[in-house]
Amino acid sequence: MLKDLQQDDVMPAICFYFQVHQPLRVRGYRVFDIGDNKDYFGEEKDGLNQEILNKVTKKSYLPTNKLLLKLLEKHPELSLAFSFSGLVLEQMEKNAPEVLETFKCLIDTGRVEVLAETYYHSLAFFYSRDEFGWQVRKHAQLV
């Protein structure tokens, strides 16, 4: 179908949806730690979380957002939707604010929608509707 379109033909409206999430890495946790240590993530994982975020920022977020901005400028029929987990927004705010700025530039085009989701990118709905509602409200407040 696309090869049949002529240069003067109108392209159908397209909206791409992107899920943006970076989990926190869990520290080594033994069965014997249950009840004694509730530090599931551990400070030693902070460096690894930042290292992974920096790598993904350089290889994915920054070049992709630059390309998406060019595509939005070139194709008025294109729109985008992003769903950011609360965890990725926290990490970007702390360790990669330049990435948040590129997402803001995309949103400022008026053709990018930010969708609500659970804060932790979880399946809370299957566990507890109250937990699900709480996470969605917490996410909406952050966004």
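Use the structure listed above.
Analysis parameters
Residues numbered from 1 in each chain as written. Predicted model: local features only at pLDDT ≥ 70, side-chain atom pairs only at ≥ 80, totals over all residues. Heavy atoms only, no water. Pairing = 2+ DSSP bridges. Helix = DSSP H or I, 4+ residues; strand = E, 2+ residues; numbered from the N terminus. Axes fitted to C-alpha atoms, helices over the stretch in contact; angles between N-to-C directions. Buried < 20%, exposed > 50% of the residue type's maximum accessible area, 1.4 Å probe, protein only. Polar contact = N/O pair within 3.5 Å; in protein donor to acceptor, adjacent residues only side chain to side chain. Contact = heavy atoms within 4.5 Å. Core = buried A, V, L, I, M, F, W, Y, C linked by side-chain atoms within 4.5 Å. Arc of directions from axis to C-beta. Phe/Tyr/Trp six-rings, centres within 6.5 Å; stacked < 30°, edge-to-face > 60°. Lys NZ or Arg CZ within 6 Å of the ring centre and 35° of its normal. Salt bridge = Lys/Arg side-chain N within 4 Å of Asp/Glu carboxyl O.

A look at the sheet that holds strand β3 (residues 112-115)
Thought 1: Sheet architecture is open: three strands sit in the order β1-β2-β3, paired in parallel fashion. Only two strands of the sheet have a single neighbouring strand rather than two, namely β1 (14-20) and β3. Adjacent strand axes in the sheet meet at a mean angle of 20 degrees, parallel and antiparallel pairs treated alike.
Thought 2: Two elements, strand β2 (residues 78-84) and β3, share four bridges in a ladder whose sense is parallel.

Some points on the side chain of Thr57
Thought 1: With respect to the secondary-structure elements, Thr57 resides in helix α1 (residues 44-74).
Thought 2: Judged by its relative accessible area of 4%, Thr57 is buried.
Thought 3: A polar contact is formed between the side chain of Thr57 and the backbone oxygen of Leu53, at a distance of 2.8 Å.
Thought 4: Setting aside chain neighbours within four positions, we find Thr57 in contact with Leu62, Pro63, Ala96, Glu98 and Val99.

Some details on the environment of Gln22
Thought 1: Tracing the backbone through its elements, the reader meets Gln22 in the loop between β1 and α1.
Thought 2: Residue classification places Gln22 among the buried positions, given a relative accessible area of 8%.
Thought 3: The spacing of Gln22 and Asn49 is 27 residues in sequence and 8.4 Å in space, taken between C-alpha atoms.
Thought 4: When neighbours within four sequence positions are excluded, Gln22 is seen to be in contact with Ile52, Leu53, Val56, Tyr61, Ser85, Leu87, Val88 and Gln91.

Here's the deal with the nonpolar core
Thought 1: Core analysis: the biggest nonpolar cluster contains 18 residues, and Val20, Tyr61, Phe82, Met92 and Phe103 have the highest contact counts within it.
Thought 2: Listing elements by their share of this core, those giving two or more residues are α1, β2, α2 (86-95) and α3 (97-107).
Thought 3: For Phe103, the residues in contact, after removing those within four places along its chain, are Val20, Tyr61, Asn65, Phe82, Phe84 and Met92.

Topic: α3
Thought 1: For α3, the complete set of buried residues consists of Val99, Leu100, Phe103 and Leu106. Buried residues of α3 fall within an arc of 110 degrees about the axis and therefore sit on the same side.

Thoughts on the packing of aromatic side chains
Thought 1: The tally for this structure, following the rule as stated, stands at nine aromatic pairs.
Thought 2: Three or more aromatic residues link up through ring pairs in this structure, and these residues are Phe16, Phe18, Tyr61, Phe82, Phe84 and Phe103.
Thought 3: Here the guanidinium or amino end of Lys138 rests over the ring plane of Tyr119, the centre of that ring lying 4.6 Å away.

Focus on the pattern of salt bridges
Thought 1: For the structure on display, the rule yields one salt bridge.
Thought 2: The residue Glu101 makes a salt bridge to Lys104 at a minimum N-O spacing of 3.5 Å. Of this pair, Glu101 and Lys104 both sit in helix α3, separated by three residues, roughly a single helical turn.
Thought 3: Take Glu101: its relative accessible area is 43%, and that puts it in the partly exposed class.
Thought 4: Residue classification places Lys104 among the partly exposed positions, given a relative accessible area of 44%.

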